Amino acid sequence: MARTRVRTARIASLVALTAALPLLAGCGSEDTPEPDAPKGAGTKPVVVVTTTWEGAFAKAAGAEDVTVIVPQSVHHAPDYDPKPSDLAAVAKADFVLYAPFEPYAAKIKEAAGSKAKLVEVNLDNDPAKASAEVTRLGGLFGTKDSAARFTTRLDGEIATLNGELRAAWPGGKSPSVVSQVFTGWAAGLAGATTVGTYGPEPVTPAKLAELAAKKPAFVLDNAHMTTGTVLPDAGAKQVKIVNYPGEDLDLLAVYRNAAVELKKAMGKA
């Protein structure tokens, strides 16, 4: 499948430009950025990302020209083998975003050449960590204002969803959960009490016994690294948590979708 290319609405560009005009005017020239301005300041950086997860972080940070290498339809992104056309796109980028756990990271680095700036992204949907990463990327792209607007929206969205999920607690009490190591952020979103974790390695019989003894109400499974039903005989409801955004690169949708699944599990959908 051909790589996915996503552009944000032009309105965002106009808002960012309007906010920047007073600062540029104060410098005496609209064509000359500050001497220490980050690469991409005053321009629209071309960003190539390995997956929609990095893509959503880039878009949240203010990038408008984002090309995604791994198709969103690939269920387990690390299994993807980049095509020559994918690597050709990398060579034309200003910034290339990747995660260290992706096995094709070495190919990406080699294809980037000397022009593109390689950026290793901390892929974690924990709201505080995601906000910090978006802020960092906004600094690199020269889009700090856009990144700041997004983090404000993120804070508001998390507060709203957390309130809704707390109102859905069974019996009005924080539910106990077991989470896969990459879905802990969803437990935090729900205000749940984490009593155990598992993965990313296969769950052993001893580990299963340990988790079952905790008597969790829910198991927060990683949709992208699922090992099937984790505690089939423990009476715990298993909730599928999706980490990767869709082709629209909407990071906020990841939190909304998780909230929907958690509400269903708690019988409040």
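Predicted model, so just to flag it, every value in this text is computed and none were measured.

J.: Would you take a moment to explain the overall build of the chain for this structure?
T.: Each helix and strand in the chain was counted, giving nine helices and nine strands. Here the chain holds 269 residues, and the buried ones make up 45% of them. The long-range fraction of contacts in the chain, counting pairs at least 24 apart against all pairs at least 6 apart in sequence, stands at 57%. Accessible area of the chain: about 13100 Å², with a carbon and sulfur share of 57%.

J.: When you look at the sheet that holds strand 7 (residues 193-198) in this model, what are you seeing that I'm missing?
T.: Hydrogen bonding along the main chain pairs the strands of a sheet, whether they run parallel or antiparallel. One open sheet holds the four strands; their spatial order is 7-6-8-9, and the pairing between them is parallel. Only two strands of the sheet have a single neighbouring strand rather than two, namely strand 7 and strand 9 (237-241). Neighbour to neighbour, the strand axes of the sheet diverge by 25 degrees on average, direction disregarded. Of the strand pairs in this sheet, strand 6 (residues 176-180) and strand 8 (residues 218-222) are connected by three bridges, and their pairing is parallel.

J.: Looking at this model, I keep getting lost on the environment of leucine 252. Mind explaining?
T.: In this fold, leucine 252 is placed in helix 9 (residues 251-265). As a C-alpha pair, leucine 252 and isoleucine 158 span 94 residues in sequence and 8.9 Å in three-dimensional space. Ignoring any residue separated from it by four or fewer positions in sequence, one finds leucine 252 in contact with Phe150, Arg153, Leu154 and Glu157.

J.: Please clarify how the layout of surface pockets should be interpreted in this entry.
T.: If you roll a probe as big as a water molecule over the atoms, it shows you where there is empty space left. Reported here for the second largest pocket is a volume of approximately 190 Å³. Lining of the second largest pocket is provided by 13 residues; of these, Trp53, Phe101, Phe182, Met225 and Tyr244 occupy positions nearest its centre. Residues of the lining of the second largest pocket, tallied by class, amount to eight nonpolar, five polar and no charged.

J.: It is not clear to me how the packing of aromatic side chains should be interpreted in this structure. Could you clarify?
T.: We describe a pair of aromatic rings using the distance from one ring centre to the other and the angle between the two ring planes. If you walk through the whole model with that rule in mind, you get three aromatic pairs. For the pair tryptophan 53 and tyrosine 244, a centre-to-centre distance of 4.9 Å together with 65 degrees between the ring planes defines the contact as edge-to-face. In this pair, tryptophan 53 is assigned in helix 2 (residues 52-60) and tyrosine 244 in the loop between strand 9 and helix 9, connecting sequence segments 191 residues apart. Under the relative-accessibility criterion, tryptophan 53 is labelled buried at 7%. Centre to centre, the rings of tryptophan 185 and tyrosine 255 are 5.3 Å apart; their planes meet at 80 degrees, and the pair counts as edge-to-face. Of this pair, tryptophan 185 sits in helix 7 (residues 184-190) while tyrosine 255 sits in helix 9, and the two are 70 residues apart along the sequence. Under the relative-accessibility criterion, tryptophan 185 is labelled buried at 7%. Overall, the relative accessible area of 0% leaves tyrosine 255 in the buried class.

Scoring rules and cut-offs
- Residues numbered from 1 in each chain as written.
- Predicted model: local features only at pLDDT ≥ 70, side-chain atom pairs only at ≥ 80, totals over all residues.
- Heavy atoms only, no water.
- Helix = DSSP H or I, 4+ residues; strand = E, 2+ residues; numbered from the N terminus.
- Buried < 20%, exposed > 50% of the residue type's maximum accessible area, 1.4 Å probe, protein only.
- Contact = heavy atoms within 4.5 Å.
- Areas by Shrake-Rupley, 256 points an atom, 1.4 Å probe, with all protein chains shown as cover.
- Pairing = 2+ DSSP bridges.
- Axes fitted to C-alpha atoms, helices over the stretch in contact; angles between N-to-C directions.
- 1 Å grid on protein atoms, 1.4 Å probe; cavity = no way out; pocket = protein on both sides within 12 Å on 5 of 7 lines; lining within 4 Å.
- Points joined across faces, edges and corners; volume = space filled by probe spheres on them.
- Nonpolar A, V, L, I, M, F, W, Y, C, P; charged D, E, K, R; others polar.
- Phe/Tyr/Trp six-rings, centres within 6.5 Å; stacked < 30°, edge-to-face > 60°.

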